[in-house]
Amino acid sequence: EAQVTQNPRYLITVTGKKLTVTCSQNMNHEYMSWYRQDPGLGLRQIYYSMNVEVTDKGDVPEGYKVSRKEKRNFPLILESPSPNQTSLYFCASGQVNYGYTFGSGTRLTVV
Amino acid sequence: AQSVSQHNHHVILSEAASLELGCNYSYGGTVNLFWYVQYPGQHLQLLLKYFSGDPLVKGIKGFEAEFIKSKFSFNLRKPSVQWSDTAEYFCAVNPYNTDKLIFGTGTRLQVFP
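What you are looking at is a predicted structure, and each value in this text was computed from that prediction instead of being measured.

Asker: Would you mind showing me how to read the interface of chain B and chain A here?
Answerer: Often the size quoted for an interface is simply the accessible area lost on bringing the parts together. If you look at the interface, chain B gives 21 residues, while chain A gives 21 residues. Buried surface at the junction of chain B and chain A, both sides included, amounts to about 1,600 Å², of which 55% is carbon and sulfur. Ranking the residues of chain B by area buried against chain A places H43, D99 and F103 of chain B at the top, with a combined share of 32%. Linking chain B to chain A there are one salt bridge. Notably, a salt bridge pairs K100 of chain B with D59 of chain A, separated by 3.4 Å at the nearest N-O pair. Summed over the shared surface of chain B and chain A, the number is four residue pairs in polar contact (both at pLDDT 80 or more).

Asker: Sorry if this is basic, but what is going on with unusual backbone geometry here?
Answerer: Note: most peptide bonds trans; most residues except glycine with negative phi. Cis peptide bonds are those with omega within 30 degrees of zero, and the linkage from N7 of chain A to P8 of chain A qualifies with -5 degrees. With respect to the helices, strands and loops of the structure, P8 of chain A is situated in the loop between β1 (4-7) and β2 (10-13). Located in the positive-phi region is A16 of chain B, a residue other than glycine, with phi close to 80 degrees. The class for A16 of chain B is exposed, based on a relative accessible area of 53%. Within the chain, F72 of chain B stands out as a residue other than glycine whose phi angle is a positive 50 degrees.

Asker: Where do I start with the sheet that holds strand β8 (residues 76-78) of chain A in this structure?
Answerer: Strands in a sheet are paired, the pairing made by backbone hydrogen bonds, and the direction either parallel or antiparallel. Residue and element names in this part refer to chain A. Pairing in this open sheet of four strands is antiparallel, and the strands run β1-β3-β8-β7 from one edge to the other. The open sheet is flanked by β1 and β7 (65-66), the only strands paired with a single partner. Inspection of the sheet shows strand β3 (residues 19-25) paired to β8 by three bridges, in the antiparallel sense. Within the sheet, the bridge partner assigned to L19 lies in β8 and is L78.

Asker: Where do I start with the pattern of salt bridges in this structure?
Answerer: Between side chains of opposite charge, a pair can form as their charged atoms come close. Going through the model one piece at a time under the given rule, you end up with eight salt bridges over all chains. Note that R36 of chain A is salt-bridged to D38 of chain A, the shortest N-O span being 2.8 Å. Classification of R36 of chain A as buried rests on a relative accessible area of 9%. On the basis of relative accessibility, which here comes to 10%, the residue D38 of chain A falls in the buried class. A salt bridge links E66 of chain B to R77 of chain B; the nearest nitrogen and oxygen atoms lie 3.1 Å apart. Of this pair, E66 of chain B sits in strand β8 (residues 64-68) while R77 of chain B sits in strand β9 (residues 73-78), and the two are eleven residues apart along the sequence. We classify E66 of chain B as partly exposed; its relative accessible area is 28%.

About the thresholds
- Residues numbered from 1 in each chain as written.
- Chains lettered and ligands numbered in written order.
- Predicted model: local features only at pLDDT ≥ 70, side-chain atom pairs only at ≥ 80, totals over all residues.
- Heavy atoms only, no water.
- Contact = heavy atoms within 4.5 Å.
- Buried area = accessible area lost by both parts, 1.4 Å probe.
- Salt bridge = Lys/Arg side-chain N within 4 Å of Asp/Glu carboxyl O.
- Polar contact = N/O pair within 3.5 Å; in protein donor to acceptor, adjacent residues only side chain to side chain.
- Helix = DSSP H or I, 4+ residues; strand = E, 2+ residues; numbered from the N terminus.
- Buried < 20%, exposed > 50% of the residue type's maximum accessible area, 1.4 Å probe, protein only.
- Pairing = 2+ DSSP bridges.

Worth remembering: the numbers are spatial, not functional.
What follows is the structure, encoded as structure tokens:
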């Protein structure tokens, strides 16, 4: 089954403790992206990747890092999480013309 | 700056009522247009898309949308909603020849039996 898999689904952490949210796709897509979803703000793009070793900033990249060492994986790294990064995070992959495939989301709470 | 506006933040309807959700975008060039739906607790799913041709496009579950170029609009419609249509709906714009997808802020639809 074609899918984008994110882990974990839920995460509660403390300020400053580094964390990684994993994202993996099995569709051989070159393009992958991370979004955060906040009430009243919709989805905002954090980072995206056009292919292996090619990443670029989206609209809200501050406080986040990504890497793309393999085509299927695109982890999101928060080196020092802060409470304003409490949000719902979605990974997506695909070709925009055909519509992205989204992961199930990761609800992150930073206390 | 490119942006997408969804003016209806929260819509409440009874079953069988008709639905129209507004979407306007600000971008002067050619665009591809999308509507995504997010059911409670789930991820986003593609509802329908417009690239070119007939400005009236039909999607899944009886939804349709009309692209009006002169108004920079891509409104979503459904003649008769069901309780199962309760969800959040996002309009999105893709400027042509880019990989960027710009989302609106979403419209929360509640349908009561």
